[in-house]
Amino acid sequence: MAICVTGGSSGLGRAIAERFARSGTEVFINYHADDAAAEEAVAAVAAAGGKPFPVKADVGTQEGVEELIGTVSANVDRLDQLVHCAAKAISGPLLELEPGELRESVAVNGLGLVALCREALPLLGIGSTVFYVSSRGARSVIPDYGSLGTAKALGEHIVRYLARELAPRGVRVLTVAPGAVDTAAFRAMFPDAWEERLEAAAKANPMGRGVDVEDCAALVELLCNPELSMMTGQTITTDGGASL
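The structure presented is a predicted model; accordingly, all values stated were derived computationally and were not measured. (Residues numbered from 1 in each chain as written. Predicted model: local features only at pLDDT ≥ 70, side-chain atom pairs only at ≥ 80, totals over all residues. Heavy atoms only, no water.)

Along the chain, H84 falls in strand β4 (residues 81-84). In this structure the side chain of H84 is engaged in a polar contact, spanning 2.7 Å, whose partner is the side chain of T6. Residues in contact with H84, not counting those within four places in the same chain, are T6, V59, V108, N109, G112, L113, L116, F131, Y132 and V133. (Helix = DSSP H or I, 4+ residues; strand = E, 2+ residues; numbered from the N terminus. Polar contact = N/O pair within 3.5 Å; in protein donor to acceptor, adjacent residues only side chain to side chain. Contact = heavy atoms within 4.5 Å.)

With that out of the way, let us pick up the side chain of S9. With respect to the secondary-structure elements, S9 resides in the loop between β1 (2-6) and α1 (11-21). Not counting residues within four places of it along the chain, the set of residues in contact with S9 comprises R14, I29, N30, Y31, A37, A38 and A41.

Summarising the element assignment, E26 is placed in strand β2 (residues 26-31). Each C-alpha atom of the pair E26 and V76 lies 8.5 Å from the other, and the pair is 50 residues apart in sequence. Sequence-distant contacts of E26, defined by excluding residues within four places in its chain, comprise M1, A2, I3, K51, F53, N75 and V76.

This next bit is on the nonpolar core. Considering soluble globular proteins, one finds that nonpolar side chains tend to be buried as a cluster. In this structure, L79, L82, L113 and V130 are the most contacted members of the largest nonpolar core, which totals 32 residues. Contributions of two or more residues to this core are made by β1, β3 (51-56), α3 (62-75), α4 (99-120), β5 (129-133) and α5 (146-166). The element that contributes the greatest number of residues to this core is α4, accounting for six residues. Discounting residues that sit within four places of it in the chain, L82 has contacts with C4, L116, C117, A120, T129, V130 and F131. (Core = buried A, V, L, I, M, F, W, Y, C linked by side-chain atoms within 4.5 Å. Buried < 20%, exposed > 50% of the residue type's maximum accessible area, 1.4 Å probe, protein only.)

This part covers the packing of α1 against helix α8 (residues 213-223). Two quantities define a packed helix pair, namely the angle between the helix axes and the distance between the axes. Contact pair α1 / α8: the axes reach a minimum separation of 8 Å and the direction vectors enclose 50 degrees. If you check the angle between α1 and α8, you find them oblique. In terms of crossing hand, the pair formed by α1 and α8 is right-handed. Contacts from G11, L12, A15, I16, R19 and F20 in α1 reach V213, E214, C216, A217, A218, V220 and E221 in α8. Tallied by class, residues from the contact of α1 with α8 come to nine nonpolar, one polar and three charged. (Axes fitted to C-alpha atoms, helices over the stretch in contact; angles between N-to-C directions. Parallel < 35°, antiparallel > 145°, perpendicular 65-115°, else oblique. Left-handed = near helix turned anticlockwise from the far one by under 90°. Nonpolar A, V, L, I, M, F, W, Y, C, P; charged D, E, K, R; others polar.)

Our next topic: the pairing of strand β7 (residues 235-238). Taking every second residue as pointing to the same face, the buried face of β7 carries I236 and T238, while none of T235 and T237 on the other face is buried. As defined by bridge partners, strand β6 (residues 172-178) adjoins β7 across four bridges and the pair is classed as parallel. If you follow A177 over to β7, its bridge partner there is T237. (Pairing = 2+ DSSP bridges.)

This paragraph deals with the sheet that holds β5. Spatially, seven strands are ordered β3-β2-β1-β4-β5-β6-β7 in an open sheet, and the strand pairing comes out parallel. Bordering the open sheet on either side are β3 and β7, each of which pairs with just one other strand. Direction aside, the axes of adjacent strands within the sheet are offset by 20 degrees on average. Relative to β2, β1 runs parallel, the two sharing four bridges. Residue pairing in the sheet places I3 in a bridge with V27 of β2. Here α1 sits on the sheet and contacts β1, β2, β4, β5 and β6; the angle it forms with β1, its principal contact strand, is near 170 degrees.

Attention now goes to α3. Relative to the 20 Å expected for 14 residues at 1.5 Å per residue, α3 spans 20 Å between its end C-alpha atoms, a close match to the ideal helical length. Residues G64, V65, L68, I69 and V72 constitute the buried set of α3. Each buried residue of α3 lies within a common arc of 115 degrees when the element is viewed along its axis, so the set occupies one face. Turned more than 90 degrees from where α3 packs its buried face, E63 and A74 sit exposed. Contact partners of the buried residues in α3: β1, β2, β3 and α4. (Expected span 1.5 Å × (residues − 1). Arc of directions from axis to C-beta.)

Here you go:
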């Protein structure tokens, strides 16, 4: 079995990579810049029983996507899971962002999913699953979250179109949407208030605690069940009922 996780060196991506490593999976860990975090993720995946392949590439560019998927195809003939967790987090009102910053956010968080699926298509077959990791900001307005929220909303709709296009190949495409989670992207979006926001979210959650990265990783693993072969194009939320 083989899985490719963009943004796999930290946060949600790393949690997913480690969970799948438990079954001896070949795990392709994509990251953009943080070599130290990537080394830690590689060690964790190996310790969990997986075979890690770190790939430093910017999936917000076509060249980066080609480099990543090229590494995957050079090592495996099939990709069982493709998980797009990479995020470009830029805090602030949309009208105050530099135009280039917003375009980069959309390229990584939204359009990158199309490029990844296009390049990985020869590796995806019956039973393969593509996952897009989204957030509540894709479906509701959160102050200073516009760059990520709008791009995530685009990504969720891309999932629906890709689900229709890839269904004849037996490939499913799903969005997983956790509640507020302590990740580097969350901290970057709320640099002065991330702790308070997480504490408030945990306190208000009907389940009595906040959402953590393992909640999302467990959901991704569960959705890989082959008995769920007719589930595709959907957004599945794991937030303890906070959005109800």
